[in-house]
Amino acid sequence: MSILLFENLTCALSTLSPGRGYPLSVSQILKKCSTVSQLKQLHAQLTVNSSDSSLPSSLSGSLIRAYASLGGVAYAAILFDRFPSVPSILLWNLMIQSYSKTTIPQQSLRLFQKLLLVGVAADDYTFTFVITACSRCGSFKSGQCLHGLVRKNGFVSNQFVGNALVSFYSFFSGSSDAQKLFDEMPHRDVISWTSLIRGYVNAGDLGAAKALFKEMAEPNDVTWAVIIAGYVSHQRYNDALGCFQDLLQHHPKVKPNEAIFVCVLSACAHLGALDQGRWVHAYIDKIQFRKSSNICTGLIDMYAKCGRIDSAKEIFYKFHHKDILTWTSMISGLSMHGHGQDALQLFSQMVSLGIKPDNVTLLGVLNGCSHSGLMDEGSRVFKNMSQLWGVVPKIEHYGCFVDLLSRGGCLEKAFAIVKTMPMDPDIVIWRSLLSACRIHGNVGLGEQIVNHIAQMDSKSRIGGHTLLSNLYASMGRWDKVAKVRKAMEGSRIDWAPGCSCIEINGVVHEFLSADRYHPLIEEIRKKLIEVLRRVSGEASYVANTRPVLFDLVEEEKEQAVAWHSEKLALAFGLMSTEEGTPIRITKNLRICDDCHTAMKSISQVYKREIIVRDRSRFHTFEDGSCICQDYW
């Protein structure tokens, strides 16, 4: 509402004298308010013009509806409690629905109990809203009780109530209960189908979700968003992109919504699929889709994770409505690219604008300090988390701080932090410490750390002994390796194989270490042998066999490191792209010392920019050096 219109409305209300009553147009005036503050001022004016302290029921009802529509539930509740008579079921439903949308949905349940006590008969809308509130406040038992009341009051065949119940059971991953209700429904609409599909997605049964999705006659944009989000949440990123392409090609009547775009951009980010991410960005621009905070955050994250931090910056600085999500995404992107100082500078700018950082923002800042070796700055941020910003450090923040200290060689200090943490350290923190022990050659501390890990569960103990074995192997102490591995015999270990992805002409290709399944694997291996021979001659590259964790002869060790997944992906990139074209690779594990050395040499000899995103950060190789400055 404009200031002039608001002043005119206030003036008009002030001319009404007490006792004259209020024209019907007052409710229309209330609807023109655009903020709770404006509505409060008009409410005060109405109260002044009232002959007594109370307002007529019709006007109170209009005010309740107006407050609720603007999110002023607290003010609506005051009027509701002071209502001159027993409120109608319409007002009860309005309040129950309004509370279900707030951060305190349990108030909907309390209001429903009060409704039953005063003897007001609940209708289908009442049950729909209060069951929805049960999902939002996580009250499974209350939802089950309401299900019983639904049957008792004869609403079991009502479409709205049925949809709410299917959604409720789906929310709690009770896909079998949701399916049973769905099968019993006399009529189903797109909400019924979508709710059940969401239930299967929540339960991790994507096969059933997809089968149900294919049965639908006309899924809408929400249904498509649910199935695409399901693929992304279960790390089936290629399936998510394929589903999005199917939507655009075969269902032109359905227009992608914000949730779909955010999920698709996330899939591109995880795969490092820059070409597809660029296409999605261009499509968003082409259809002139509104650039919300979520869309811009998704674009920043996609470009950053696909190795184009320059494009991420461009999106960030052009967006004029930045919120905490936008700032955090940009800070995290700079951090993973090793631009720790830039991340700190942006963080300071954000704080100076009065934007309070959350735990995710601070995690991004600490990561940036860790990857850039900014020990003093990172220590200062960690110590100020609670005092300046009211964020209590979680285990992830402790992990970053321990990683920062241990990478910088302060192993004993990092170990002391771990022992005094307010929560039990997880295997990720122990892995950071043990990795640093390997880098700095501190076997004694490594053995102490494993003694602590021995007190954890069996799976973690196996992980700890594996790391100790790696430490011994990196120092050539094969007798110790044999002893540790003998102690591990008989234990089942689920090894995560090295896997690297590279996008060529919009298609993402995956490679495992020593891969034999790619259709062009023989040509790729020949190309890789040629590449390694060339860089050995022109750049004096010598295979770094330190990462090989078995006591093999040197020639066998060189063969072992030669077939790592990122090298195979790189060879495929060299043979599939034009000279001078940048090569982008995504790996699920930390890049090893030998691959890092090889990438530097290859970037120099072949005059290529090579961008590798490993488990924790980006490495940009150019002209024989890496942006990480060998600190990772």
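Quick caveat, the model's predicted, so the values are computed rather than measured. (Residues numbered from 1 in each chain as written. Predicted model: local features only at pLDDT ≥ 70, side-chain atom pairs only at ≥ 80, totals over all residues. Heavy atoms only, no water.)

### Remarks on the sheet that holds strand β1 (residues 499-504)
And step 1. With respect to topology, 6 strands assemble into an open sheet ordered β2-β1-β3-β4-β5-β6, the strand pairing being mixed. Edge positions in the sheet fall to β2 (507-512) and β6 (625-626), since each has one partner strand and no second.
And step 2. Bridge count between strand β5 (residues 618-622) and β6: 2 bridges; the pairing is antiparallel. Looking at the pairing, Glu622 lines up with Ser625 of β6.
And step 3. Set on the sheet, helix α32 (residues 565-576) makes contact with β1, β2, β3 (583-587) and β4 (610-613); between it and β1 the angle comes to about 15°. (Pairing = 2+ DSSP bridges. Helix = DSSP H or I, 4+ residues; strand = E, 2+ residues; numbered from the N terminus. Contact = heavy atoms within 4.5 Å. Axes fitted to C-alpha atoms, helices over the stretch in contact; angles between N-to-C directions.)

### Thoughts on the packing of aromatic side chains
And step 1. Here the structure, examined in full by the defined rule, presents 25 aromatic pairs.
And step 2. Judged by centre distance (4.7 Å) and plane angle (85°), the ring pair of Phe213 and Trp224 falls under edge-to-face. Here the residue Phe213 occupies a position in helix α13 (residues 206-215), and Trp224 occupies one in helix α14 (residues 221-233), the gap between them amounting to 11 residues.
And step 3. Relative to Phe289, the ring of Phe261 lies with its centre 5.0 Å away and its plane at 70°, an arrangement referred to as edge-to-face. (Phe/Tyr/Trp six-rings, centres within 6.5 Å; stacked < 30°, edge-to-face > 60°.)

### Quick word on unusual backbone geometry
And step 1. Despite not being glycine, Gln235 has its phi angle at roughly 65°, a positive value.
And step 2. On the secondary structure map, Gln235 appears in the loop between α14 and α15 (237-250).
And step 3. Using a relative accessible area of 62% as the deciding quantity, one classes Gln235 as exposed.
And step 4. Phi at Asn505 is positive, roughly 55°, even though this residue is not glycine.
And step 5. Relative to the assigned elements, Asn505 resides in the loop between β1 and β2. (Buried < 20%, exposed > 50% of the residue type's maximum accessible area, 1.4 Å probe, protein only.)

### Examining a nonpolar patch on the surface
And step 1. Where nonpolar side chains cluster on the molecular surface, the patch consists of Val86, Leu117 and Val118 and spans about 330 Å² of accessible area.
And step 2. Within the fold, Val86 resides in the loop between α5 (73-81) and α6 (89-100). (Patch = residues over 30% accessible without salt bridge, like charges linked within 9 Å, V, L, I, M, F, W, Y side chains within 5 Å. Areas by Shrake-Rupley, 256 points an atom, 1.4 Å probe, with all protein chains shown as cover. Salt bridge = Lys/Arg side-chain N within 4 Å of Asp/Glu carboxyl O.)

### Some words on the pattern of salt bridges
And step 1. Tallied over the entire structure, the rule returns 13 salt bridges.
And step 2. The salt bridge involving Glu566 is made with Lys587; its shortest N-O contact spans 2.9 Å. Remark: Lys587 occurs in strand β3 and Glu566 occurs in helix α32; sequence separation between them is 21 residues. This pair shows no difference in class: Glu566 is buried, exactly as Lys587 is.
And step 3. The salt bridge partner of Lys567 is Asp594, with a shortest N-O separation of 2.6 Å. With a gap of 27 residues between them, Lys567 in helix α32 and Asp594 in helix α33 (residues 593-605) connect regions that are remote in the sequence.
And step 4. Asp594 sits in the buried class, given a relative accessible area of 0%.

### Examining the environment of Phe182
And step 1. With respect to the element layout, Phe182 can be found in helix α11 (residues 175-184).
And step 2. For Phe182, a relative accessible area of 3% gives the class buried.
And step 3. Measuring from C-alpha to C-alpha, the distance between Phe182 and Trp193 comes to 8.1 Å, with 11 residues separating the pair along the chain.
And step 4. The residues touching Phe182, leaving out its near neighbours within four places in the chain, are Val166, Arg188, Ser192, Trp193 and Leu196.

Note that every value here comes from positions in space, so none of it alone points to a role or purpose.
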